[in-house]
Amino acid sequence: MPRDDTHRAFLGVEHSLTGRSWRGPGAAEDRLAEAMCQRTGLPDPVARVLCRAGVPPQDAAAYLAPSIRDLLPDPLGLRDMGRASDRLIAALDGSQRIAVFGDYDVDGGASAALLITWLRDMGRPATLYIPDRIDEGYGPNEDAMAALARDHDLILCVDCGTLSHGPIAAARGADVVVLDHHLGAETLPDAVAVVNPNRQDESGELSHLCAAAVVFLLLVETNRRLRARGTTGPDLMAMLDLVALATVADVAPLVGVNRALVRRGLDVMRHRARPGLAALGDIARLDVPPAAYHLGYVLGPRINAGGRIGQADLGARLLSTDCPHESAALAERLDRLNTERRSIEQAVRDAALAQAEERGVDGPLVWAAGEGWHPGVVGIVAARLKEATGRPAVVIGLENGIGKGSARSIAGVDLGAAVQRLAREGLLIKGGGHRMAAGLTVEAGRLEDAMARLGDLLSRQGAGREGPRALDLAGLLMPGGATPELIAQIDGAGPFGMGAPAPRFAFADMRIAAARRVGESHLKIAFTDGIGPKLDAIAFGAFDTGLGPALLSHAGARFHLVGRLELNHWQGRARPQLRLEDAAPA
């Protein structure tokens, strides 16, 4: 979306209370938004959301109601899809023994649950295998694959397997099908099929799909083949809650078909038909219709907790069980583990941030490593470092001379490709991932060299070159304009997430009517323009930056405020609220 060619800061804010430069719509965007309003009748804030997404006025109605029928790609557009579907049908026809080998995160668990649910509906049981993060590490290993092959005819590897040449070769006596989305190497393992939109010989048009979406496409194709011979397959639309959960939790970009999958999946989830998700929502006190935010920040972390610090298969079992009693027990256990995970994460986060700041956070890469840091939380801490510094980040736990770490990237920097290159150059024991996230294993003695080389590779992609981080704004609003009706219309342009950020609006020259600290680091305020009604705002983590202290001790000063609009549900009422992200003196 065009911005003002002069690159002037929005409202003149070059350095806000959180150290960011505000960038808002320029004259070109204003003209496009005005034309959108005139052609569609949409309110200005919604028109701006569509313009920023590159939607022309004639496509506005279709964008606001994304259709799976219109957007779902032909599954056969992915290489090996036909072979994978044929092999699955052959296993059904021959009453063969099937195992599902999945990753320990939400995408892996949801992918495994999709297959297990589909097979159960077809009258076929399947064995679930999720490797232990600490004892076995990510992806298939030779011992596990050899053991599964002794008792099964078909092994389906989901959200893993693309780089597992040795382990797949060890599965002698069984056929292996890989359903994955992680970056592929120049050669593929010797499997019956490797279905992966990020294979090197793929076009890249579907590279935004998570593993669960790849599995869903396999089931679409398999249902189609079954239907051609007179057999009705399971209802796949009822399984879209799993695809939506995985898409958001794996931070896949919410563009194209992903928007439709998440939108429809949220609708399915609201009916609470899946016992595991219903139980988890109850224990998390989720008393409003789920939105993309809840998938990423309420349900996702709890499902991940089993793979991070507990029993690796808990999440996949929760998502695949059809027993309400088992669901309740698993949900309670995952909730307890998530509480424990938060405590572990906080300790590692504090140490990692202190180490990174001592090393310096102005380069192309921010990294930290520590003896005994729990490998189950290094990925979350890497994400926190990335958010705090605006740089790609790596966090590594060391034990017995070996470091196991996770990395998170920023927009426009392909981290997975850089990590794979390090592995090819011999600086890592192993490493892989995708554009926004990667995992790696490194010898402690080569850690400094590996991180220096990674920083060099990321610098070539532009990491670390920017000045103050920019905060992108959709436009101006007044407190009286932030109505429940407008918020509902803005939400209708979602779902929002990676690749489709929720719009931020600025409220200019506001008076703080009330301010109080909430918990350790949060801030609650009410503000007004002095003419219309007051608007409430909540700023999470405000006292981790200069935002909280400045607004709490405002002494009557006026501020420009920036955030995302939402509805705050409390005691059966829904009131407009600003999720406050930044502020600057007016």
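Note that the structure is predicted; figures quoted are calculated from it, not measured.

Draft legend 1. View of the overall build of the protein chain. Helices and strands together make up the secondary structure of the protein chain, namely 20 helices and 18 strands. Relative to its length of 586 residues, the protein chain is compact, with a C-alpha radius of gyration of 24 Å against a globular reference of 25 Å. Its C-alpha atoms give the protein chain principal-axis dimensions of roughly 75 × 60 × 45 Å. Here the protein chain, with 586 residues, has 54% of them falling under the buried criterion. Accessible area of the protein chain: about 24,600 Å², with a carbon and sulfur share of 49%. Counting 64 positive and 71 negative side-chain charges, the protein chain places the centres of these two groups 3 Å from one another.

Draft legend 2. Molecular detail of the sheet that holds strand E6 (residues 193-195). Read from one edge to the other, the open sheet built from five strands follows the order E3-E2-E4-E5-E6, with strand pairing classed as parallel. Single-partner strands in this sheet number two, and they are strand E3 (127-129) and E6. Direction aside, neighbouring strands of the sheet carry axes that sit 15 degrees apart on average. Here strand E5 (residues 175-179) pairs with E6 via three bridges, running parallel. The residue bridging Val177 from the neighbouring strand is Ala193, located in E6. Most of the contacts of helix H9 (residues 211-228) go to E5, to which it runs at about 120 degrees, and overall it touches strand E4 (154-158), E5 and E6.

Draft legend 3. Main features of the packing of helix H12 (residues 275-283) against helix H15 (residues 324-359). At a minimum axis distance of 8 Å, the contact between H12 and H15 shows a crossing angle of 45 degrees. As the angle between them shows, H12 and H15 are arranged oblique. Handedness of the crossing formed by H12 with H15: right-handed. Facing Pro275, Gly276, Ala279, Leu280 and Ile283 of H12, the residues of H15 in contact are Pro324, Ser327, Ala328, Ala331, Glu332 and Asp335. Here the residues of the contact of H12 with H15 are counted per class, giving seven nonpolar, two polar and two charged.

Draft legend 4. Representation of the environment of Arg120 within the structure. Within the secondary structure layout, Arg120 lies in helix H6 (residues 106-121). Taking C-alpha positions, Arg120 is 9.6 Å from Ser320, a pair spaced 200 residues apart along the chain.

Draft legend 5. The arrangement of H9 in detail. Look at H9: 26 Å from first C-alpha to last across 18 residues, which is about the 26 Å you get at 1.5 Å a residue. Summarising burial for H9: 14 of the 18 residues are buried, a large majority. The first or second residue beyond H9 is Gly230, which carries a positive phi of 90 degrees.

Draft legend 6. Expanded view of the packing of aromatic side chains. Applying the stated criterion across every chain yields a total of three aromatic pairs. Pairing Phe101 with Tyr129 gives two aromatic rings, centres 5.2 Å apart and planes at 25 degrees, and the pair type is stacked. Of this pair, Phe101 sits in strand E2 (residues 98-102) while Tyr129 is found in strand E3, placing the two residues 28 residues apart along the sequence. Here the aromatic rings of Tyr293 and Tyr297 are separated by 5.2 Å at their centres, their planes lie at 25 degrees, and the arrangement is stacked. Of this pair, Tyr293 and Tyr297 both sit in helix H13 (residues 292-309), four residues apart, which is roughly one turn of that helix. A cation over a ring is seen here: Arg259 above Tyr63, with NZ or CZ 3.7 Å from the ring centre. One cation-aromatic arrangement involves Arg359 over Trp367; the distance from NZ or CZ to the ring centre is 3.6 Å.

Thresholds applied
- What you see as residue numbers is a count from 1 along each chain, following the sequence as written.
- Thresholds applied to this predicted model are a pLDDT of at least 70 for local features of residues and 80 or more for the giving and counting of side-chain atom pairs; totals over whole chains, interfaces and linings are not thresholded and use all residues.
- Note that the side-chain values use all heavy atoms of the structure and ignore hydrogens as well as water.
- Strands are runs of DSSP state E lasting at least two residues, helices are runs of H or I lasting at least four, and both sets are numbered from the N terminus onward.
- For this measure, only C-alpha atoms enter the radius of gyration; the expected value for a globule follows 2.2 Å times N^0.38, where N is the number of residues.
- Burial classification: accessible surface area is computed with a 1.4 Å probe over protein chains only, and a residue below 20% of its type maximum counts as buried, one above 50% as exposed, and the rest as partly exposed.
- Each accessible area value is a Shrake-Rupley result obtained with a 1.4 Å probe; residue values ignore everything except the protein chains displayed when judging cover.
- Neither His nor the chain termini are counted; the positive set is Lys and Arg, and the negative set is Asp and Glu.
- The atoms used to mark charge sites are NZ of Lys, CZ of Arg, CG of Asp and CD of Glu.
- We treat two strands as partners when DSSP finds at least two bridges between them.
- Between N-to-C directions, angles cover 0 to 180 degrees, with each direction set by a line fitted to C-alpha atoms, over the stretch in contact for helices.
- For this analysis, residues touch if any pair of their heavy atoms sits within 4.5 Å.
- In these notes the angle categories are as follows: under 35 degrees is roughly parallel, over 145 is roughly antiparallel, 65 to 115 is roughly perpendicular, and the rest is oblique.
- We call a crossing left-handed when the near helix sits turned anticlockwise from the far one by less than a right angle, and right-handed when that turn is clockwise.
- Residue type decides the class: Asp, Glu, Lys and Arg count as charged, Ala, Val, Leu, Ile, Met, Phe, Trp, Tyr, Cys and Pro as nonpolar, and the leftover types, Gly among them, as polar.
- One fewer than the residue count of a helix, multiplied by 1.5 Å, yields its expected span.
- Note on aromatic pairs: the rings of Phe, Tyr and Trp (six-membered ring only in Trp) are paired at centre separations within 6.5 Å, and the planes decide the class, stacked below 30 degrees, edge-to-face beyond 60, tilted for the rest.
- Charge-over-ring placement is defined geometrically: NZ (Lys) or CZ (Arg) within 6 Å of the ring centre, and within 35 degrees of the ring normal.

No statement about biological role is implied by the geometric values presented.
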